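# Coordinate analysis (summary)
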Amino acid sequence: MGEEVIIDNFLSGFESFRDSLDSHIFSGVKSPVDDIFYSGVSADVPKSVSDNIKSRLDLYFGDVEINFQFMRISQEGVFAPHEAHNDTSMSDYSMMIYLNRLEDCQGGTSFVSHIEEGMKFGPVDDEQFIIWKNDHKDQSKWFIDDIAEMKPNRAVIFESDRMHRSEPIGGFGKTTKDARLVLVTFFNANP
């Protein structure tokens with residue numbers, strides 16, 4: 001696939017789905033992959049939304065297999081456990097759908113490379129893993145190669161080994177109505 005793919009107006013029925021999230025509860029989940037508790041996460045994606053996502057992805061990638069799907073709220077002052085990171089443990093591809101209303105959009109998803117190591121993908125070996133582990137939260141160690149700007153109902157799809165981070169770091173907003181809100185889908189494409 002190469003670089004990230006951006007598809008605007010991804011979900012049908014976006015407005016009503018977004019309105020329903022104003023009262024949604026994001027109680028958090030413990031990841032079965034890394035055993036970390038992620039606050040502000042909800043795996044309660046409505047089946048109609050999940051089905052819509054699958055049918056749209058099938059159009060672009062053939063018959064896809066969705067491995068994991070969740071919504072995440074990142075209020076101001078909430079920092080991700082890993083800032084610069086990749087999603088290789090989850091799938092071949094990652095997709096973020098921005099769920100903010102236009103007046104609340106800030107940042108997006110940045111695609112980063114380690115300045116000294118040049119790590120754009122990976123880490124690919126133990127040495128790179130140690131560098132990543134030490135530097136993933138040090139913004140001075142990472143160069144922003146590209147940024148997918150947040151826009152309502154915009155999907156950003158990329159290979160899961162690509163190093164990326166949510167922007168702005170530390171989230172924004174206070175409530176489900178104005179805080180950073182994304183729907184994440186990890187999937188594999190069947191050739």
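In case you missed it, the structure is sitting above this.
Summarised in this report is the structure supplied together with it. Only a predicted model underlies this, so the values are computations on that prediction, with no experimental measurement involved. (Residues numbered from 1 in each chain as written. Predicted model: local features only at pLDDT ≥ 70, side-chain atom pairs only at ≥ 80, totals over all residues. Heavy atoms only, no water.)

### Notes on the pattern of salt bridges
Oppositely charged side chains may form a pair once their charged atoms are brought near each other. Note the following rule: Take a side-chain nitrogen of Lys or Arg and a carboxyl oxygen of Asp or Glu: if they are within 4 Å of each other, that pair is a salt bridge. The helix count covers DSSP runs of H or I at least four residues long, the strand count covers runs of E at least two residues long, and both are numbered beginning at the N terminus. Here's how the labels work: a residue is buried when its accessible area is under 20% of the maximum for its type, exposed when over 50%, partly exposed in between, all with a 1.4 Å probe on protein chains only.
Summed over the entire model, instances satisfying the criterion amount to 13 salt bridges. A salt bridge links Lys-174 to Glu-76, with the shortest nitrogen-to-oxygen separation between them at 3.4 Å. Of this pair, Lys-174 sits in the loop between strand 10 (164–167) and strand 11 (180–189) while Glu-76 is found in the loop between strand 5 (64–74) and strand 6 (93–98), placing the two residues 98 residues apart along the sequence. Here Arg-165 and Glu-167 are joined by a salt bridge, their closest N and O atoms 2.6 Å apart. A residue is classified by how much of its surface remains accessible, and Glu-167, at 11% relative accessible area, is buried. Ionic contacts of the salt-bridge type, sharing partners, join the residues Arg-18, Asp-19, Asp-22 and Arg-101 into one network.

### Observations regarding the nonpolar core
Quick reminder of the rule: Only buried residues count toward a nonpolar core. Its members are Ala, Val, Leu, Ile, Met, Phe, Trp, Tyr and Cys residues joined through side-chain atoms within 4.5 Å. The contact definition used throughout considers only heavy atoms, calling two residues in contact when any of these lie within 4.5 Å.
Judged by nonpolar contacts, the single largest core of 25 residues is most densely connected at Phe-10, Ile-53, Leu-57, Met-95, Ile-97, Leu-99 and Leu-183. For this core, the secondary structure elements donating two or more residues are helix 1 (14–20), helix 2 (47–61), strand 5, strand 6, strand 9 (155–159) and strand 11. With residues near it in sequence (within four places) discarded, Ile-53 still touches Phe-10, Leu-11, Ile-66, Gln-69, Met-95, Ile-97, Leu-183 and Thr-185. Met-90, Met-96, Val-182 and Phe-186 belong to the second largest nonpolar core, which has 15 residues in total.

### Side note on the side chain of His-164
Going by this rule: By the criterion applied in these results, polar contacts are pairs of N or O atoms within 3.5 Å in which, for protein atoms, one can donate a hydrogen and the other can accept it, and in which residues neighboring in sequence qualify only through two side-chain atoms.
Looking at the element boundaries, His-164 is found in strand 10. Judged by its relative accessible area of 2%, His-164 falls in the buried class. In terms of polar contacts, His-164 uses its side chain to reach the backbone carbonyl oxygen of Arg-162, at 2.9 Å. If we skip the residues at most four places from it in the chain, His-164 touches Glu-83, Ala-84, His-85, Asn-86, Asp-87, Met-96, Thr-109, Ser-110, Phe-111, Val-112 and Phe-158.

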